[in-house]
Amino acid sequence: MTRSREPIISLLLYHAFKWSVVSPVLHTYLRGRIYGAENVPKTGPLVVVSNHASNFDPPIVSNCVGRPVAYMAKEELFKIPILKQAIELYGAYPVNRGAADRAAMRAALKYLDEGWAVGIFLQGTRTPDGRITDPKRGAALIAAKVKAPILPVCLWGTEAIEAKGGAPRSAPVTVRIGSVIETPSSTDKEELEAVTKQCAAAINALHDLGR
């Protein structure tokens, strides 16, 4: 039997933030379009992989897949009082960027074991145009360890939201959710590499569809 996905307080926080902030901003200010929502598994562990071009990407992805998604967040954010507690309740967990962070891996596996969806940016960092050029194997490795399916998600247009030195721009955003990619059957390096390339190709193909 699948265990409850997340504590009730996290669910309440997720839905409050989604319906009061993220969804209205996405659908009005950002004129959001969402395609492929029917491809999202509604329950059970799930690894969501996406491209990344904006700091606004995590809540947008979580909103569009229709279920809470735990994302890695840079460890510096967890040193700020109040913010630390808030993002932890919302499912964020710290990662030491630029290093092999075993604690972040353990946190991701814990969330997946409890039935959460875990979000991972396939390239690990933002790219200027939203396309993936150097995908990392971490998502495939995590999926293989817990036998979770992988869901490719493409964000188009989010790089235009953040203006240097100014307020977020009202830029058109499109989110396309692809078909589930089969769980890797092992942690063999060659298989993980093949699945990672499959994820990157799926996301870039969705990105090519544009607005």
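Residues numbered from 1 in each chain as written. Predicted model: local features only at pLDDT ≥ 70, side-chain atom pairs only at ≥ 80, totals over all residues. Heavy atoms only, no water.

Under an unreviewed UniProt entry, the name given to the protein chain is 1-acyl-sn-glycerol-3-phosphate acyltransferase, and the source organism is Aetokthonos hydrillicola Thurmond2011. The Sequence similarities (unreviewed entry) field of the UniProt record for the protein chain holds the comment "Belongs to the 1-acyl-sn-glycerol-3-phosphate acyltransferase family." Regarding the protein chain, the relevant UniProt record gives this comment under Catalytic activity (unreviewed entry): "a 1-acyl-sn-glycero-3-phosphate + an acyl-CoA = a 1,2-diacyl-sn-glycero-3-phosphate + CoA". (UniProt positions renumbered as here; feature names shortened; annotations may be inferred.)

Asker: I'd like a description of the overall build of the protein chain, backed by residues and values.
Answerer: Along its length, the protein chain carries six helices and seven strands. Its helices and strands taken in sequence order, the protein chain reads α-β-β-α-β-α-β-α-β-α-β-β-α from the N to the C terminus. Counting only residues that meet the buried cut, the protein chain has 44% of its 211 residues in that class. Total accessible area on the protein chain is roughly 10600 Å²; 58% of this is exposed by carbon and sulfur atoms. (Helix = DSSP H or I, 4+ residues; strand = E, 2+ residues; numbered from the N terminus. Buried < 20%, exposed > 50% of the residue type's maximum accessible area, 1.4 Å probe, protein only. Areas by Shrake-Rupley, 256 points an atom, 1.4 Å probe, with all protein chains shown as cover.)

Asker: Which residues make up the pattern of salt bridges, and what values do they have?
Answerer: Counted under the stated rule, the structure contains five salt bridges. In this structure, Lys 110 and Glu 114 form a salt bridge, with 3.2 Å as the shortest nitrogen-oxygen distance. Among the residues examined, Glu 114 registers a relative accessible area of 23% and is labelled partly exposed. The salt bridge partner of Asp 208 is Arg 131, with a shortest N-O separation of 2.6 Å. Of this pair, Asp 208 sits in helix α6 (residues 189–208) while Arg 131 is found in the loop between β5 (117–121) and α5 (138–146), placing the two residues 77 residues apart along the sequence. Judged by relative accessible area, Asp 208 falls into the exposed class, the value being 57%. (Salt bridge = Lys/Arg side-chain N within 4 Å of Asp/Glu carboxyl O.)

Asker: Account for the confidence of the model for the protein chain, with residues named and values stated.
Answerer: Mean pLDDT for the protein chain: 87, with 89% of residues reaching 70 or above. Contacts for the low-pLDDT stretch residues 1–5, under 50 throughout, to residues beyond four places or in other chains number ten contacts. (pLDDT = per-residue confidence, 0-100. Contact = heavy atoms within 4.5 Å.)

Asker: Residues and numbers for the pairing of β5, please.
Answerer: By the criterion of burial, β5 is predominantly enclosed, with five of the five residues buried. By the alternation rule, side chains of β5 split into Ala 117, Gly 119 and Phe 121 and Val 118 and Ile 120, which are all buried. Alignment of strand β2 (residues 46–50) against β5, held across five bridges, turns out to be parallel. Residue pairing across strands places Val 48 opposite Gly 119, the latter belonging to β5. In this structure, strand β3 (residues 69–74) lies alongside β5, joined through three bridges in parallel fashion. Note on β5: the bridge partner recorded for Val 69 is Ala 117. (Pairing = 2+ DSSP bridges.)

Asker: Account for the environment of Pro 184, with residues named and values stated.
Answerer: Mapped onto the elements of the fold, Pro 184 is located in the loop between β7 (174–177) and α6. Residue Pro 184 is classed as buried on the basis of its relative accessible area of 1%. Each C-alpha atom of the pair Pro 184 and Val 146 lies 9.9 Å from the other, and the pair is 38 residues apart in sequence. Not counting the four nearest positions on each side in its chain, Pro 184 is found in contact with Ala 140, Ala 143, Ala 144, Lys 147, Ile 150, Glu 191, Leu 192 and Val 195.

Asker: Got a sec to walk through the packing of aromatic side chains? Specific residues and values, please.
Answerer: Where two aromatic rings form a pair, the distance of their centres and the angle of their planes describe that pair. Under the definition given, this model contains two aromatic pairs. Ring geometry for Tyr 111 against Trp 116: centres 4.8 Å apart, planes inclined by 65°, an arrangement best described as edge-to-face. What makes Tyr 111 buried here is its relative accessible area of 13%. We classify Trp 116 as buried; its relative accessible area is 2%. (Phe/Tyr/Trp six-rings, centres within 6.5 Å; stacked < 30°, edge-to-face > 60°.)

Asker: Report on the side chain of Asp 57, specifying residues and quantitative values.
Answerer: Residue position: Asp 57 is located in helix α2 (residues 57–65). Within polar-contact distance, the side chain of Asp 57 engages the side chain of His 52 at 2.8 Å. Engagement of the side chain of Asp 57 in a polar contact is seen with the side chain of Thr 158, the distance being 3.0 Å. Ignoring sequence-local partners within four residues, the contact set of Asp 57 consists of Asn 51, His 52, Phe 121, Leu 155 and Thr 158. (Polar contact = N/O pair within 3.5 Å; in protein donor to acceptor, adjacent residues only side chain to side chain.)

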